[in-house]
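Here's the letter readout for the chains.
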Amino acid sequence: MIKNPLLTICLLSHNGEKFLEKSLKNILCQNYSNFEILVSDNQSVDKTEEIIKSFQGQNSTITFRKNALDKKPGKFYDGCYSNCNGCINSGLVNGEFVSFWHQDDIYEKNIAKREAEFLINNPNVGAVFTLGNIIDENNKIIGKYKLPKELKGKNIYNFADIF
């Protein structure tokens, strides 16, 4: 395994104009330096594409893709599932690792590095995920996400166990 493998961050979006600028700035400030950003948009009708293109002009690591319009009457947005699959099946993912981020999430600046290092050091592990804090519009922590009941007692690690 390469010491600093390329990480593809798939940023999933749908009508994300309210969050995208902050989210992209947050990704660009990550302290893991070897990454590309693939923004996968699920047929937004707001200024999402315009915002992405303005960032593309400043950073060549950003690629934009838009999911195809579903031909079924009255249906165009299939949610996160189709957006994730759209990223993977697009042929635009170049990274050895793939990470799915969401337009309205803000990550600690070292999360990409910590997750990549964990996967490098644990080649038998196929995936990692994080829990998180719930923040308000001023980035003040107002709550914490909890592990789903279905996962309690399963063979998983807590954040503190890993880091």
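In case you missed it, the structure is sitting above this.
Residues numbered from 1 in each chain as written. Predicted model: local features only at pLDDT ≥ 70, side-chain atom pairs only at ≥ 80, totals over all residues. Heavy atoms only, no water.

Colleague: Is there a simple way to explain the pattern of salt bridges in this structure?
Modeller: Side-chain pairs of opposite charge can arise whenever the charged atoms involved come near each other. Counted under the stated rule, the structure contains three salt bridges. Across the pair Lys 25 and Glu 21 runs a salt bridge, and its minimum N-O distance is 2.9 Å. Of this pair, Lys 25 and Glu 21 both sit in helix H1 (residues 20-28), four residues apart, which is roughly one turn of that helix. The exposure class of Glu 21 is partly exposed, given its relative accessible area of 42%. One salt bridge in this structure joins Glu 49 and Lys 66, with 3.3 Å as the shortest N-O distance. In this pair, Glu 49 sits in helix H2 (residues 48-56) while Lys 66 sits in strand S3 (residues 62-66), placing the two residues 17 residues apart along the sequence. Three or more residues joined by partner-sharing salt bridges are found here, namely Glu 49, Lys 53 and Lys 66. (Salt bridge = Lys/Arg side-chain N within 4 Å of Asp/Glu carboxyl O. Helix = DSSP H or I, 4+ residues; strand = E, 2+ residues; numbered from the N terminus. Buried < 20%, exposed > 50% of the residue type's maximum accessible area, 1.4 Å probe, protein only.)

Colleague: Is there a simple way to think about the sheet that holds strand S2 (residues 35-41) in this case?
Modeller: Through backbone hydrogen bonds, the strands of a sheet pair up, either in parallel or in antiparallel fashion. Within the open sheet, the four strands sit side by side as S3-S2-S1-S4. Their pairing is parallel. Both outer strands of the open sheet, S3 and strand S4 (97-102), are each paired with one neighbouring strand and no more. Taken over all neighbouring pairs, the strand axes of this sheet differ in orientation by 25° on average, direction set aside. As paired strands, strand S1 (residues 7-13) and S4 are joined by six bridges and run parallel to one another. Directly across from Cys 10, in S4, lies its bridge partner Phe 100. Packed on one face of the sheet, helix H4 (residues 111-121) meets S1 and S4 and runs near 145° to S4. (Pairing = 2+ DSSP bridges. Axes fitted to C-alpha atoms, helices over the stretch in contact; angles between N-to-C directions. Contact = heavy atoms within 4.5 Å.)

Colleague: I would appreciate a short explanation of the nonpolar core in the present structure.
Modeller: What tends to happen in soluble globular proteins is that the nonpolar side chains get buried as a cluster. Counting 22 residues, the largest nonpolar core has Leu 11, Leu 24, Ile 37, Val 39 and Trp 101 as the members making the most contacts within it. For this core, the elements supplying multiple residues, two or more each, are S1, H1, S2, H2, S3, S4 and H4. By residue number, the principal contributor to this core is H4, which donates four residues. Discounting residues that sit within four places of it in the chain, Val 39 has contacts with Leu 11, Ser 13, Leu 24, Ile 52, Ile 62, Thr 63, Phe 64 and Arg 65. Formed by five residues, the second largest nonpolar core is a distinct cluster that contains Cys 10, Leu 38, Cys 84 and Cys 87. (Core = buried A, V, L, I, M, F, W, Y, C linked by side-chain atoms within 4.5 Å.)

Colleague: How do you make sense of the packing of aromatic side chains when you look at a structure like this?
Modeller: A ring pair, where both rings are aromatic, is described by two values, the distance of the centres and the angle of the planes. One pass over the full model with this rule turns up one aromatic pair. On the basis of an interplanar angle of 40° and a centroid distance of 4.0 Å, the ring pair of Trp 101 and Tyr 107 is categorised as tilted. Exposure class is identical for Trp 101 and Tyr 107. Each is buried. (Phe/Tyr/Trp six-rings, centres within 6.5 Å; stacked < 30°, edge-to-face > 60°.)

Colleague: Could you clarify how one ought to interpret a nonpolar patch on the surface in this entry?
Modeller: A surface patch of nonpolar side chains, about 520 Å² in accessible area, is lined by Phe 129, Leu 131, Ile 134, Ile 142 and Tyr 145. Mapped onto the elements, Tyr 145 comes out in the loop between strand S6 (141-144) and helix H5 (159-162). In this structure Tyr 145 comes out as exposed when scored by relative accessible area, which is 52%. (Patch = residues over 30% accessible without salt bridge, like charges linked within 9 Å, V, L, I, M, F, W, Y side chains within 5 Å. Areas by Shrake-Rupley, 256 points an atom, 1.4 Å probe, with all protein chains shown as cover.)

Colleague: Mind showing me how you'd approach the environment of Ile 135 here?
Modeller: In this structure, Ile 135 sits in strand S5 (residues 133-135). For Ile 135, a relative accessible area of 33% gives the class partly exposed. Residues Ile 135 and Asp 105, spaced 30 residues apart in sequence, show a C-alpha to C-alpha distance of 9.4 Å. Contact partners of Ile 135, with chain neighbours within four places excluded, come to Ile 106, Lys 140, Ile 141 and Ile 142.

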